[in-house]
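Each chain is listed here by its residues.
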Amino acid sequence: PWIEARLSYAWVNGPRANISAKYRFTDVNRFYDKSNSTLSYHFYGSDLFFSELLSQNYDLRTGVRYEYFSVHTLMRSNLPETSYVDTEEYESYIALYTALQNDAYDAAYFPTRGYAYSIKGAYYIKQRNGNGTNFGELQANASTIIPLGTSTALKAALHTRLLWGENIPQIYDNALGGCLPHRYLRQQLPFIGIKGCEFVNPYLILPCMGVRQRLLPDVYATAIINYAYSTNALHANAPNQSIWGIGLQLSYDTTIGPITLCTYWSDLHHQVGIYFSLGFEF
């Protein structure tokens, strides 16, 4: 659950000035082969930014944001099943950021042509609480869809997120999983094959490709493959991790949003999973 309030003022033929405040509670469960851990947190953020600096079609925004996290974890890793380590941390940062995004798809859920891209850079300044330090972030996303006929389309996407700095709090680490971006964490990237949320190394690149076939006027089947590569540093001998995931998705487009059933597998857990969703995505 989350709640957000925003006040905007738009000049004629000019940018928007925005001020916003947001509260969110998130409870993430992550499961591994021989251990598990949970992560839950309360988040409060306030944002002052300018948007639509270029135009309404190209949303260039820049601003400053205050973020406060109250993080609670219950970890059981390499410990007996009855042993738990409870931790509670508080993190607060001021972020200076600039972001550019553009969406030129011809439909929101089942486009037949077009493209979208976004790029964001941010610098996070540590406040009093917690043990972290200042750090930087660069994130870029790009996707396109190519028609292969009257009822078939190819969609390709590339996501990347780079972090640099020391002692970056886990709440800001790269994360991936699920069918929707930003599901549990703002920086979470979708990854077919992982049901929840997994943390990976600071330098992440994630290509994805899907082939969609229209079976009936409002029924679609999509085969998806994605790959995530993350590393601790940008040199050949740095520790790294690679994850493959595949999925098959069946969707029915309705007036209240898509009804979707997806089955998936990844080489991280070697387990088949099922995901069902109904309605618009928020």
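Scroll up for the structure.
Since we're looking at a predicted model, the values are computed, not measured.

Asker: How do you make sense of the packing of aromatic side chains when you look at a structure like this?
Answerer: Two numbers describe a pair of aromatic rings. These are the distance of the centres and the angle of the planes. Applying the stated criterion across every chain yields a total of 15 aromatic pairs. With 4.9 Å between their ring centres and 45° between their planes, phenylalanine 43 and phenylalanine 69 make a pair best called tilted. Of this pair, phenylalanine 43 sits in strand S3 (residues 36-51) while phenylalanine 69 sits in strand S4 (residues 58-76), and the two are 26 residues apart along the sequence. For phenylalanine 43, a relative accessible area of 8% translates into the label buried. By relative accessible area, phenylalanine 69 is classed as buried at 6%. Seen in terms of ring centroids, tyrosine 93 and tyrosine 172 are 5.3 Å apart; in terms of plane orientation they differ by 75°. Their pairing is edge-to-face. Of the two residues, tyrosine 93 is situated in strand S5 (residues 85-103) and tyrosine 172 in the loop between strand S8 (152-165) and strand S9 (175-176); the sequence distance between them amounts to 79 residues. Considered together, tyrosine 93 and tyrosine 172 belong to a single accessibility category, that of buried residues. Lysine 22 extends its terminal NZ or CZ atom over the ring of tryptophan 2, reaching a point 4.8 Å from the ring centre.

Asker: Before we go on, may I ask you to explain the nonpolar core in this structure?
Answerer: It is characteristic of soluble globular proteins that their nonpolar side chains tend to be buried jointly. The biggest cluster of nonpolar side chains holds 21 residues, and the ones touching the most others in it are Tyr41, Phe69, Tyr124, Phe135, Ile171, Tyr172 and Leu185. Contributions of two or more residues to this core are made by S3, S4, S5 and strand S6 (114-126). In contact with tyrosine 41, not counting residues within four places along its chain, are Arg24, Phe25, Thr26, Phe69, Ser70, Val71, Ile171, Tyr184 and Leu185. Judged by nonpolar contacts, the second largest core, of 9 residues, contains Leu176, Ile194, Val200 and Ala228.

Analysis parameters
Residues numbered from 1 in each chain as written. Predicted model: local features only at pLDDT ≥ 70, side-chain atom pairs only at ≥ 80, totals over all residues. Heavy atoms only, no water. Phe/Tyr/Trp six-rings, centres within 6.5 Å; stacked < 30°, edge-to-face > 60°. Helix = DSSP H or I, 4+ residues; strand = E, 2+ residues; numbered from the N terminus. Buried < 20%, exposed > 50% of the residue type's maximum accessible area, 1.4 Å probe, protein only. Lys NZ or Arg CZ within 6 Å of the ring centre and 35° of its normal. Core = buried A, V, L, I, M, F, W, Y, C linked by side-chain atoms within 4.5 Å. Contact = heavy atoms within 4.5 Å.

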